[in-house]
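# Residue-level structure breakdown
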Amino acid sequence: MALEVEDLRVHYRTLRGDVRALDGVSFGLADGEIMGLAGESGCGKTTLGKSLIRLDGRMRHVGGRAVLDGGELPIADDKAMNRRRYRDVSIIPQYSMSAMNPTRKIGKLTADLLRAKGESFRELRPELVRRLELVGLSEQVLDNYPIELSGGMKQRMVMVLSTLLDPSLLIADEVTSALDVSNQKAVAETLVRFRELGFVKSMVVVTHDLSLVYQIADSIMIMYAGRIVEKGPADTIINAPRHPYTRALIEALPEVGLEYGDRRLKSIPGKPPQLLNPPTGCRFRDRCELAHDRCIEDPPAVDLAPDHTASCWKVVD
Amino acid sequence: MGRYFRRKLLIYGVTFFIAVTINFAIPRLMPGDPVARMLNRHSVSNSESAAALRTYFEDVFGFDVPLWQQYLNYWTALLQGDLGVSVFAFPSPVSSVVLDALPYTIGLLVPAILLSWIVGNGLGAMAARSKWLDNSVLPLGYLLTAVPYMWLAILLVWSGGVLLDWFPAARGYSLSMQPNLSWAFFVDLVHHWFLPFLSLFIVALGGWAIGMRNLVIYELESDYSNYLQALGAPRRLVRRYAFRNAMLPQISGLALQLGVVVGGALVTEVVFAYPGLGSLLLNAINNQDFFLLQGILLFIVIGVLLFNFLADVAFVLVDPRTRLGLEGGQS
Amino acid sequence: MTTDAALNADVIGKRNEHLYFALRNPKVVIGLSIVLGLLLLGLIGPLFLSSSPTAYVGPKSEAPSADYWFGTTVHGRDVFVQFAHGLRSSYLVGFLGGGIAFVIGLTIGFTAGYRGGLTDEFLNMLTNVVLVLPALVVLIVISSYMEVRGVVTQGVIIGLFSWPWVARAVRAQTFTLRNRDYVDLARLTGKRSPQIVVREVMPNMASYLLMSMILLFGGAILFASMLDFIGLGPTNAVSLGTMMQQSMAWAAIHLGLWWWFVPPGLAITAIVGALYITNVGLDEVFNPKLREM
Ligand SMILES: Nc1ncnc2c1ncn2[C@@H]1O[C@H](COP(=O)(O)OP(=O)(O)OP(=O)(O)O)[C@@H](O)[C@H]1O
Ligand code: SF4
Ligand SMILES: [Mg+2]
């Protein structure tokens with residue numbers, strides 16, 4: 001296992017109390033696995049991604065742990081975590097379009113960053129140029145300011161920059177949402193290529209676009225209201241989901257075709273519960289057609305196959 | 001870049017045009033006869049100069065020709081550097097009276113603006129990094145920006161000039177001195193300059209500090225800062241970027257704030273009876289010396305526009321976004 | 001629950017929430033108390049004070065005492081009476097100047113941002129021109145030509161010259177807002193543009209507008225005090241600025257009559273400072289991001 005997350009709990013502190021954005025999240029990620037992470041807006045996908053690399057000022061690590069390549073990730077310890085960032089864990093953020101300092105040339109920015117991490121820009125430059133060419137960018141971009149690049153170019157630039165130190169785990173958050181269809185496809189394929197070339201070992205790809213993630217992911221994990229409801233091989237999740245929520249999600253898709261398109265998750269009637277004071281028991285209860293008495297208690301995570309788990313009482317039966 | 005400067009120059013041109021037009025229009029739009037009022041004030045002085053004045057005014061206002069011609073004549077005179085004759089310093093031309101006072105105002109304004117900008121930015125950037133400092137800089141900054149310029153000047157004259165008697169309470173140099181190039185005169189000049197400078201400096205400081213603090217905090221929360229931090233860049237690098245980017249709006253802010261600081265300098269000079277444009281303005285008002293008043297306005301407008309232009313050039317030099325002209329004419 | 005009802009409930013909830021947090025934000029509470037307290041003094045103070053601010057009521061140059069709370073001037077005028085009346089003028093100028101600037105800035109900003117094109121070019125140019133004009137000096141020239149000056153005229157001319165930055169900000173905000181879907185939707189359903197602006201765009205900027213109104217209010221007070229101080233204050237009323245001007249003219253500093261020039265300046269500082277602090281507090285209320293922690 002490359003990554004092992006156990007009972008992770010991360011809250012946002014607000015004046016009105018803690019928002020339990022991650023409330024007991026456990027999963028594993030194998031070496032070389034690309035895992036798609038999906039779920040309705042606000043279910044905690046970004047929070048999970050950020051928890052594995054950097055908690056922002058309002059986030060608090062309440063419990064649980066993460067182990068990467070056999071070593072503990074010091075999630076709550078910003079200093080200790082700093083040494084692991086970029087080298088071991090890296091991120092392609094949701095906001096790639098604005099991720100680079102607008103007033104610094106891209107090459108200078110890269111040099112600043114590498115120097116700060118104790119790497120030599122001069123030594124890494126040939127590799128950087130090679131990777132730029134791989135994604136279709138010329139060496140020239142290093143002399144450009146970010147605004148001189150198109151959206152797709154910026155996205156690719158950030159992808160190369162984020163993976164330059166060959167991290168073991170890469171978190172890609174909504175990397176395709178801001179792009180048009182042809183760019184989406186290119187970016188998705190690049191992610192797979194990066195893994196094949198060994199630039200990254202395993203990946204968590206956060207997305208709204210199930211059909212896109214189906215193309216590139218080995219496994220898919222579905223979140224609902226701060227918890228994991230189902231994880232399994234991509235094929236199984238798309239074609240034979242077991243959890244009622246996953247089913248509803250898949251059914252909301254018009255058709256999971258093989259081509260890319262902007263088929264996003266359609267909404268399911270009702271709203272997910274708010275995470276300030278989440279209800280006890282199964283959180284999907286209000287919207288679930290199969291809900292019954294037992295659902296008042298927390299459903300256990302049931303192993304349906306060696307690599308397929310779902311958290312639902314109906315699955316137990 | 002060309003587009004950016006063309007746009008700016010157009011704005012400054014139009015502003016100058018409008019300022020001149022205001023100067024032309026106000027005396028003609030306001031109720032009452034300006035000539036009569038100006039003469040009224042001065043009928044007390046010797047009759048010879050009063051007579052000279054009357055013919056002069058009637059000539060200058062030239063009410064007997066049509067309005068458009070008056071307007072053209074006005075521009076012609078202006079472009080020849082003729083701003084009229086000062087009433088209160090009769091018969092000196094307005095331009096020479098203004099030019100005499102100008103160095104004092106510039107000597108007060110330029111150091112006060114630049115130093116308050118530099119120190120304020122430094123304080124603000126420091127406040128953005130330390131909670132403790134922030135809790136003192138922020139309220140103090142707001143307090144300072146709320147202080148009327150003349151009130152702080154009054155307090156300084158009262159405390160430093162009267163109670164403690166460390167500094168002269170008025171004037172640009174001692175009565176006993178004649179302006180000359182000696183060391184003693186220079187020391188005297190600085191001695192008189194210090195309190196008014198300090199007053200302007202302190203009031204202007206607060207605004208810059210608050211502005212910088214907010215900008216740095218904003219930059220520190222921006223996407224590029226988050227990305228750098230997610231990649232484990234040290235705070236130092238993130239701060240350096242944030243600080244540099246926060247400086248940019250502060251440079252254009254320098255130009256935007258100029259009008260306010262100039263106003264502050266005028267009233268501060270009045271408090272200190274400092275022999276710059278402010279005191280001249282007060283004299284012009286008290287003597288209903290409209291030519292002088294308008295001359296001062298014109299000089300200030302020109303100064304502000306020049307300064308704005310300098311700030312634009314500086315801005316283009318430091319901000320690649322404007323330099324590349326990709327953001328369109330940011331104006 | 002239909003989505004409409006849900007939306008409405010959300011809006012109401014949000015408003016209550018803002019009020020809830022505003023009343024619990026110490027900055028807002030302290031700031032508003034100062035502003036309202038002084039306003040109250042300016043409003044009802046003069047009603048209870050029998051003498052007029054220009055009446056010679058007592059001994060000359062007397063320090064504050066039980067009879068004359070803020071002392072008297074060199075001529076024996078009651079400084080406290082002047083102060084109360086001065087507060088009144090200052091608030092009036094603030095309301096008028098700030099209000100007029102607000103309305104002009106709002107109208108020009110909305111029109112420019114909403115219409116775009118040539119209208120925008122022209123209005124933007126106008127805004128930029130007024131922005132670089134040194135307003136105080138222009139106001140000085142205008143005021144000096146007026147033989148009779150009142151608090152109201154002063155408020156009006158201040159308002160006429162202090163709107164540009166509001167217009168600029170509103171224009172920018174309208175630009176981004178007008179491209180949002182709900183405005184398009186409103187346009188499709190055939191509503192006319194002023195309606196769209198008022199119904200759809202305004203509520204989305206409400207917090208921002210409230211805060212700029214507060215800043216304009218404070219700015220107008222500061223502005224007026226400077227004009228007054230140069231001797232271009234109202235000819236028929238006492239203001240905080242004219243109090244300072246008079247104290248200077250009669251050498252109060254050298255005579256040590258601090259009670260004459262300290263209260264007016266302090267009051268202006270307190271009002272404007274309290275307004276700024278309120279604004280910081282409101283910012284925290286409206287921006288939940290700042291509110292957390
Ligand atoms: N700064 C914050 N303060 C308080 N609550 C927050 C904050 N950020 C996120 N949350 C809450 O945490 C929950 C999870 O948010 P998160 O951003 O992880 O969702 P997401 O799954 O990434 O959604 P999306 O698909 O919209 O990106 C949400 O309910 C959200 O309301
Ligand atoms: S546990 Fe119960 S409510 Fe939850 S998904 Fe399963 S059946 Fe539905
Ligand atoms: Mg997200």
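Refer to the structure presented above.
Residue numbers run consecutively from 1 along every chain, following the written order of its sequence. Chain letters start at A and ligand numbers start at 1, both assigned in the order the entries are written. The predicted nature of this model means local features are confined to residues of pLDDT at least 70 and side-chain atom pairs, given and counted, to a pLDDT of 80 or more, with totals for whole chains, interfaces and linings taken over all residues. The basis for the side-chain values is all heavy atoms of the structure; hydrogens and waters are excluded.

### What about the overall build of chain A?
Here is the rule: Counting from the N terminus, the helices are the DSSP runs of H or I reaching at least four residues and the strands are the DSSP runs of E reaching at least two. The globule rule used for comparison is 2.2 Å times the number of residues to the exponent 0.38, while the radius of gyration itself is calculated over C-alpha atoms. For the exposure calls, accessible area comes from a 1.4 Å probe over protein chains only, and a residue counts as buried if that area is under 20% of its type's maximum, exposed if over 50%, partly exposed in between. Only the protein chains shown count as cover for residues, and the accessible areas themselves come from Shrake-Rupley with a 1.4 Å probe. Positive residues here are Lys and Arg, negative ones are Asp and Glu, while His and the chain termini are left out of the count. Taken as the charge centre is NZ of Lys, CZ of Arg, CG of Asp or CD of Glu, depending on the residue.
Across its full length, chain A holds 10 helices and 12 strands. Relative to the globule expectation of 20 Å for 317 residues, the C-alpha radius of gyration of chain A, 20 Å, shows essentially globular dimensions. Across its three principal directions, the C-alpha atoms of chain A cover 65 × 45 × 35 Å. Within chain A, the fraction of its 317 residues that count as buried is 56%. For chain A, the exposed surface amounts to about 13200 Å²; the carbon and sulfur share of it is 47%. With 43 positive and 44 negative side-chain charges, chain A shows a spacing of 6 Å between the two charge centroids.

### A look at the nonpolar core
Counted only if it meets this: Residues grouped as a nonpolar core are buried Ala, Val, Leu, Ile, Met, Phe, Trp, Tyr and Cys residues, joined through side-chain atoms within 4.5 Å. An automatic or database domain assignment supplies the residue ranges for each domain.
Ranked by size, the top nonpolar core spans 161 residues in total, and within it Leu277 of chain B together with Ile140 of chain C carry the most contacts. A total of 16 residues in this core trace back to one element, the largest contributor, which is helix α9 (residues 193-232) of chain C. Both domains that meet at this core, namely domain 1 (20-82) and domain 2 (100-330) of chain B, each give it at least three residues.

### Quick word on the side chain of Ser95 of chain B
All names here are of chain B. Rule in force here: Two residues qualify as a contact provided that any one of their heavy atoms is within 4.5 Å of a heavy atom in the partner residue.
Residue position: Ser95 is located in helix α5 (residues 94-127). Assessed through its relative accessible area of 19%, Ser95 is described here as buried. Apart from residues no more than four positions distant in its own chain, Ser95 is found in contact with Gly81, Leu83 and Phe299.

### Focus: the interface of chain C and chain B
As a reminder of what qualifies: As a working definition, buried area equals the accessible area (1.4 Å probe) given up by two parts on being put together, with both sides summed. A side-chain nitrogen of Lys or Arg and a carboxyl oxygen of Asp or Glu constitute a salt bridge if their distance falls within 4 Å. Between N or O atoms, a polar contact is any pair within 3.5 Å; within protein, one atom must be a potential hydrogen donor and the other a potential acceptor, and residues adjacent in sequence are included only when both atoms are from side chains.
Facing the 44 residues of chain C at the interface are 53 residues of chain B. A combined buried area of about 4400 Å² lies between chain C and chain B, and 80% of that area is made up of carbon and sulfur atoms. Counting across the interface, chain C meets chain B through one salt bridge. The partner of Glu121 of chain C in a salt bridge is Arg7 of chain B, with the nearest N and O atoms 3.9 Å apart. Where chain C touches chain B, the interface holds three residue pairs in polar contact (both at pLDDT 80 or more). Broken down by secondary-structure element, the contributors of at least two residues to the side of chain C that touches chain B are α4 (117-132), α5 (135-145), α9, α10 (240-249), α11 (252-255) and α12 (258-286) of chain C. Counting residues per element, the side of chain C that touches chain B draws most heavily on α12 of chain C, at 12 residues.

### Comments concerning the site of ligand 2
Residues and elements named next belong to chain A. Counted only if it meets this: Whether a residue is near a molecule or strand depends on its heavy atoms: it is near if one of them lies within 4 Å of it. Only protein atoms enter the 1 Å grid used here, on which a cavity is any set of points holding a 1.4 Å probe that cannot leave and a pocket is any open set flanked by protein within 12 Å on both sides along at least five of seven lines; residues with an atom within 4 Å of a point are listed as lining. A pocket or cavity is taken to hold a molecule when more than half of that molecule's atoms are within 2 Å of the pocket's grid points. In this classification, the charged set is Asp, Glu, Lys and Arg, the nonpolar set is Ala, Val, Leu, Ile, Met, Phe, Trp, Tyr, Cys and Pro, and all remaining amino acids, among them Gly, are polar.
The immediate surroundings of ligand 2 are formed by His243, Pro244, Cys282, Phe284, Arg285, Cys288, Leu290, Ala291, Cys295, Cys312, Trp313 and Lys314. Taken atom by atom, the bulk of ligand 2 overlaps the largest cavity. Here the shell around ligand 2 is composed, by residue class, of nine nonpolar, one polar and two charged.

### A closer look at the interface of chain A and chain B
If you look at the interface, chain A gives 28 residues, while chain B gives 23 residues. Buried surface at the junction of chain A and chain B, summed over both partners, amounts to about 2200 Å²; 62% is from carbon and sulfur atoms. Here chain A is connected to chain B by one salt bridge. The partner of Asp112 of chain A in a salt bridge is Arg240 of chain B, with the nearest N and O atoms 3.6 Å apart. Remark: the boundary between chain A and chain B carries nine residue pairs in polar contact (both at pLDDT 80 or more).

### Comments concerning the pattern of salt bridges
All names here are of chain A. Counting across every chain of the model gives 27 salt bridges over all chains. Its salt-bridge partner being Glu127, residue Arg130 comes within 3.1 Å of it at the nearest N-O pair. With Arg130 and Glu127 both in helix α4 (residues 121-134) and three residues apart, this pair spans about one turn of that helix. On the basis of relative accessible area, Glu127 is assigned to the partly exposed category, the value being 23%. Through salt bridges with shared partners, a single network forms among Asp7, Arg9, Asp23, Arg227, Arg283 and Asp298.

### Section: the packing of helix α3 (residues 106-116) of chain A against helix α10 (residues 235-272) of chain B
Here is the rule: Axes here refer to lines fitted to C-alpha atoms; in helices the fit is confined to the stretch in contact. Angles between the N-to-C directions go from 0 to 180 degrees. Just so you know how the angles are binned, under 35 degrees is roughly parallel, over 145 roughly antiparallel, 65 to 115 roughly perpendicular, and the rest oblique.
It is at 10 Å that the axes of α3 of chain A and α10 of chain B come closest, and there the two elements cross at 150°. In terms of orientation, α3 of chain A and α10 of chain B fall into the roughly antiparallel class. The residues of α10 of chain B that touch α3 of chain A, namely those facing Lys108, Leu109, Asp112, Leu113 and Ala116 of chain A, are Leu237, Arg240 and Tyr241 of chain B. Class assignment for the residues of the contact of α3 of chain A with α10 of chain B results in five nonpolar, no polar and three charged.

### Quick notes on the environment of Gly118 of chain A
Residue and element names in this part refer to chain A. Along the polypeptide, Gly118 turns up in the loop between α3 and α4. Look at Gly118 and you get exposed, because its relative accessible area is 64%. Distance from Gly118 to Gly49, taken between C-alpha atoms, is 25 Å for residues 69 residues apart in sequence.

### Here we look at the site of ligand 1
In the vicinity of ligand 1 lie 17 residues, with Ser41, Gly42, Lys45, Thr46 and Thr47 of chain A positioned nearest. Residues lining ligand 1 come from chains A and C. Measuring from an oxygen atom of ligand 1, one finds a side-chain N or O atom of Ser41 of chain A at 2.4 Å. Take Gly44 of chain A: an N or O atom from its main chain is 3.0 Å from an oxygen atom of ligand 1. Burial of ligand 1 by the protein chains amounts to 72% of its free accessible area of 640 Å². Broken down by secondary-structure element, the contributors of at least two residues to the shell around ligand 1 are β1 (3-14), β2 (17-29) and α1 (45-51) of chain A. Top element by residues in the shell around ligand 1 is α1 of chain A. It accounts for three residues.

### Some details on a nonpolar patch on the surface
The cut-off we apply is this: Exposure above 30% relative accessible area and the absence of a salt bridge qualify a residue for a patch, where like charges join within 9 Å and nonpolar side chains (Val, Leu, Ile, Met, Phe, Trp, Tyr) within 5 Å.
Residues Ile106, Val110, Leu114, Ile118 and Val119 of chain B make up a contiguous nonpolar surface patch of about 390 Å² in total accessible area. Residue class for Val110 of chain B comes out partly exposed when judged on its relative accessible area of 40%.

### Considering the packing of aromatic side chains
Here is the rule: Only Phe, Tyr and Trp rings are paired, with Trp represented by its six-membered ring, and only when their centres lie within 6.5 Å; those with planes under 30 degrees apart are stacked, over 60 edge-to-face, the remainder tilted.
The final tally for this structure, using the stated rule, is 25 aromatic pairs over all chains. When the ring of Tyr245 of chain A is compared with that of Phe284 of chain A, the centres are 5.1 Å apart and the planes differ by 70°; the resulting orientation is edge-to-face. Here Phe284 of chain A lies in the loop between α9 (244-252) and β11 (301-305) and Tyr245 of chain A lies in helix α9, a separation of 39 residues in the sequence. Both residues of the pair, Tyr245 of chain A and Phe284 of chain A, belong to the buried class. Ring plane angle 85° and centroid distance 5.8 Å describe the contact between Tyr104 of chain B and Tyr274 of chain B, whose orientation is recorded as edge-to-face. Of this pair, Tyr104 of chain B sits in helix α5 while Tyr274 of chain B is found in the loop between α10 and α11 (277-286), placing the two residues 170 residues apart along the sequence. In this structure, Tyr104 of chain B and Tyr274 of chain B share a single accessibility class: buried. An aromatic cluster is present here, built from Phe167, Trp193, Phe194, Phe197 and Phe201 of chain B joined pairwise through their rings.

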